[in-house]
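Listed here are the chains, written in short residue letters.
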Amino acid sequence: MDLKSNHTAPVLADPAPISKSRLVASSLLQYSSPAPVFSPNLLLTVPRKKTGILDDVRASSWLDAMKSSSPRHTSTRDYNHEIVSADTDVAYRTWMAKYPSALSSFEQITNFAKGKRIALFLDYDGTLSPIVDNPDFAFMSIDMRAAVAKVAKYFPTAIISGRSRDKVYDFVGLTDLYYAGSHGMDIMGPVRELSDDSPNCIRSTDKQGKGVKLFQPASEFLPMIDEVFNSLVNSTKEIKGAKVENNKFCVSVHYRNVDEKNWKTVAECVHDVIRNYPRLRLSHGRKVLEVRPVIDWDKGKALTFLLESLGLSNHDDVLPIYVGDDRTDEDAFKVLREGNLGYGILVSSAPKESNAFFSLRDPQEVMEFLKSLVNWKKTSVL
Ligand SMILES: O=P(O)(O)OC[C@H]1O[C@H](O[C@H]2O[C@H](CO)[C@@H](O)[C@H](O)[C@H]2O)[C@H](O)[C@@H](O)[C@@H]1O
C-alpha cells in the first residue's frame with residue numbers, strides 16, 4: 001500500500017524549529033536562539049567522566065536545545081497582536097501544505113481505511129490534554145474522555161505516554177484501552193497475544209483483576225531510576241519552579257516554571273547527576289529534560305510491539321493511526337512512515353518538521369477527529 005502521497009523527502013526526527021527560509025514570515029515565530037540541531041545520540045558516544053571543557057560543552061548544548069525547543073510565544077504586550085497572528089497564520093498555513101489537517105483530509109483518510117481495521121495510538125500530554133503549567137493537573141476534559149471511550153468501542157485503542165503507566169491510567173480512567181507508560185517501556189497488553197517466551201514479559205492483572213501481560217524492557221533500571229530521581233529532587237530543590245517527576249522507568253525534570261535565566265542551572269544539575277550513570281541518557285521534550293535508560297526501545301518500538309500483541313501486524317487490512325505532539329512521538333511516526341504502515345498525525349499549533357503525514361492544531365481538534373472516526377464507523381457500510 002502506498003501511503004507516501006505528497007510526502008516525499010524523509011524528514012528529521014528532531015523537530016527543531018523549521019528552517020526560517022522555508023516559511024513565509026517565519027521570522028515572526030520567535031525562538032530564543034538560532035536552532036542548533038540537538039543530537040539525541042550525543043550522550044551515547046561521549047564518555048561521562050568529568051572532563052572540564054567537554055562537560056561544559058555538553059551542558060551548554062543541552063541549554064541550547066532547551067532554548068531552541070521553547071519558542072517564545074508572541075503576545076500583545078510585545079507586538080501588535082493582529083499583525084503577528086496574521087503572519088503566523090500564513091506560516092502555519094504554508095506548513096499545512098506539507099502536513100494537511102487530518103480533519104480537512106478526513107475523507108482521504110477514511111477512503112484509504114475502507115475495508116481496513118483502524119488501530120488507534122494516542123499520546124497523552126498535549127494530545128488528549130492541553131499543556132498546563134503543573135504536570136499534576138494535566139486533566140483531560142470530560143468530553144475528551146467520552147470521545148476516547150467511544151472511539152475505543154469501535155477501534156483497538158492504546159495510550160502511549162511518557163508518564164508512568166499508573167499515572168496516565170489515573171488521568172484517562174478508561175478500562176477498554178491498552179496502556180504503555182514511560183515512553184513505551186512499560187506496556188500492559190492483552191494476555192492472549194503476548195508470547196510467553198519474550199524476556200521481560202510477565203503475567204499480571206489489571207485494576208479490574210483481568211489477566212494481562214506486562215512488558216517492561218527496562219525493568220533492571222528501576223533501582224537506578226529511583227536513585228537518580230532522589231538525586232535530582234535534591235539537586236534541583238533550590239531552583240524556583242523546577243519540578244522532578246518520577247515516571248517509573250524514566251525521570252522528567254520540568255523547567256516550564258523556571259525563570260529562563262536559571263535554565264542553565266537546571267541543565268547543569270541534571271548533567272551533574274547523570275554523568276555518573278553511563279547507562280542513562282537524556283532527551284528533550286516540551287520544557288522538560290527526560291532521563292531514560294540507554295536501551296533500544298522507544299514509542300516506535302512500543303507501537304510495533306502493541307500491533308504484534310494485538311494480532312494486527314503484517315496485515316494489509318490494518319491501518320494504524322498514531323496521534324502525538326512531542327519529539328518522542330516522532331519514533332512512532334517514523335515506524336509508520338518508513339514501514340508504509342499507517343498515518344502519523346502531529347498535534348501542533350506551530351510549524352515543525354515531522355515524520356507525521358497529517359496535523360491537528362490542538363487537543364480540541366484531536367477530539368473532533370476522534371468523534372469523526374466514530375461517526376464514520378457508525379454510518380459506513382463496509
Ligand atoms: O508522552 P506524553 O504523554 O506526551 O508525556 C510527555 C511528558 O508530558 C508531561 O509533560 C508535559 O506536559 C505537562 C502538562 O501539560 C507540562 O507541564 C510539561 O511542561 C510538558 O513537558 C509529563 O509531565 C512528563 O513527565 C512527560 O514525560
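Parameters at a glance
- Residues numbered from 1 in each chain as written.
- Predicted model: local features only at pLDDT ≥ 70, side-chain atom pairs only at ≥ 80, totals over all residues.
- Heavy atoms only, no water.
- UniProt positions renumbered as here; feature names shortened; annotations may be inferred.
- Phe/Tyr/Trp six-rings, centres within 6.5 Å; stacked < 30°, edge-to-face > 60°.
- Helix = DSSP H or I, 4+ residues; strand = E, 2+ residues; numbered from the N terminus.
- Buried < 20%, exposed > 50% of the residue type's maximum accessible area, 1.4 Å probe, protein only.
- Near = heavy atom within 4 Å.
- Polar contact = N/O pair within 3.5 Å; in protein donor to acceptor, adjacent residues only side chain to side chain.
- Areas by Shrake-Rupley, 256 points an atom, 1.4 Å probe, with all protein chains shown as cover.
- Nonpolar A, V, L, I, M, F, W, Y, C, P; charged D, E, K, R; others polar.
- Axes fitted to C-alpha atoms, helices over the stretch in contact; angles between N-to-C directions.
- Left-handed = near helix turned anticlockwise from the far one by under 90°.
- Contact = heavy atoms within 4.5 Å.
- Domains from an automatic or database assignment.
- Buried area = accessible area lost by both parts, 1.4 Å probe.
- Salt bridge = Lys/Arg side-chain N within 4 Å of Asp/Glu carboxyl O.
- Pairing = 2+ DSSP bridges.

Per an unreviewed UniProt entry, the chain carries the name Trehalose 6-phosphate phosphatase and comes from Gossypium tomentosum. Listed in UniProt under the heading Cofactor (unreviewed entry), the comment for the chain reads: "a divalent metal cation". UniProt, in the comment section headed Catalytic activity (unreviewed entry), describes the chain in these words: "alpha,alpha-trehalose 6-phosphate + H2O = alpha,alpha-trehalose + phosphate".

J.: Describe the packing of aromatic side chains, and please don't skip the residues or the numbers.
T.: Under the definition given, this model contains 15 aromatic pairs. Taking 5.1 Å as the distance between ring centres and 75° as the angle between the ring planes, the aromatic pair formed by Y169 and Y179 counts as edge-to-face. Placement of Y169 in helix α6 (residues 165-172) and of Y179 in strand β3 (residues 178-181) is noted, with a sequence separation of 10 residues between them. Given a relative accessible area of 17%, Y169 falls into the buried group. For Y179, a relative accessible area of 5% gives the class buried.

J.: I'd like a description of the site of the ligand, backed by residues and values.
T.: Surrounding the ligand, one finds 22 residues, the nearest of these being V132, E245, R256, R286 and E290. Here an oxygen atom of the ligand and a side-chain polar atom of S161 are 2.7 Å apart. Look at the ligand: alone it shows 570 Å² of surface, and the protein chains cover 99% of it. Broken down by secondary-structure element, the contributors of at least two residues to the shell around the ligand are β8 (251-254) and β10 (288-293). A per-class count over the shell around the ligand returns seven nonpolar, six polar and nine charged.

J.: Describe the packing of helix α5 (residues 142-154) against helix α11 (residues 363-379), naming the residues involved and giving the relevant values.
T.: Put simply, α5 and α11 touch, their axes get as near as 9 Å, and they point 35° apart. Viewed along their axes, α5 and α11 form a crossing whose handedness is left-handed. Residues D143, M144, A147, V148, K150, V151 and Y154 of α5 form the contact with α11, whose participating residues are P363, V366, M367, L370, K371, L373, V374, K377 and K378. Considering only residue class, the contact of α5 with α11 consists of 11 nonpolar, no polar and five charged.

J.: Can you tell me about the domain arrangement of the chain, naming the residues and giving the values?
T.: Looking at the chain, the domain boundaries give domain 1 (92-217 + 297-380) and domain 2 (221-293). Taking only C-alpha atoms into account, the centre of domain 1 sits 26 Å from that of domain 2. With 22 residues of domain 1 in contact, the opposing surface of domain 2 contributes 16 residues. Together domain 1 and domain 2 conceal approximately 1600 Å² of surface at their shared face, both sides included; 50% is due to carbon and sulfur atoms. Contact with domain 2 buries surface across domain 1, with D133, H183 and M185 losing the most and accounting together for 26% of the total. At the junction of domain 1 and domain 2, the tally comes to four salt bridges. R286 serves as the salt-bridge partner of D325, at 2.4 Å between the closest nitrogen and oxygen. Partitioning the side of domain 1 that touches domain 2 into residue classes produces five nonpolar, eight polar and nine charged.

J.: Could you give an account of the pattern of salt bridges, with specific residues and numbers?
T.: Counted under the stated rule, the structure contains 19 salt bridges. For E245, the salt bridge goes to R163, with nearest N and O atoms at 2.8 Å. Here E245, found in strand β7 (residues 243-246), pairs with R163, found in the loop between β2 (157-160) and α6; they are 82 residues apart in sequence, far enough to count as distant. In this pair, the class of E245 matches that of R163, namely buried. The shortest N-O distance in the salt bridge between E245 and K167 comes to 2.9 Å. With E245 in strand β7 and K167 in helix α6, the pair connects residues that are 78 residues apart, well separated along the chain. Here E245 falls in the buried class, since its relative accessible area comes to 4%.

J.: For the pairing of strand β4 (residues 186-190), give the residues involved together with the corresponding values.
T.: When you tally the buried positions in β4, you get five out of five residues, the bulk of the element. Strand direction decides the pairing type here: β3 and β4, joined by three bridges, are antiparallel. Opposite A180, over in β4, you have I187 as the bridge partner. Hairpin remark: β3 followed by β4, antiparallel, with four residues in the connecting loop; positive phi at S182, about 50°.

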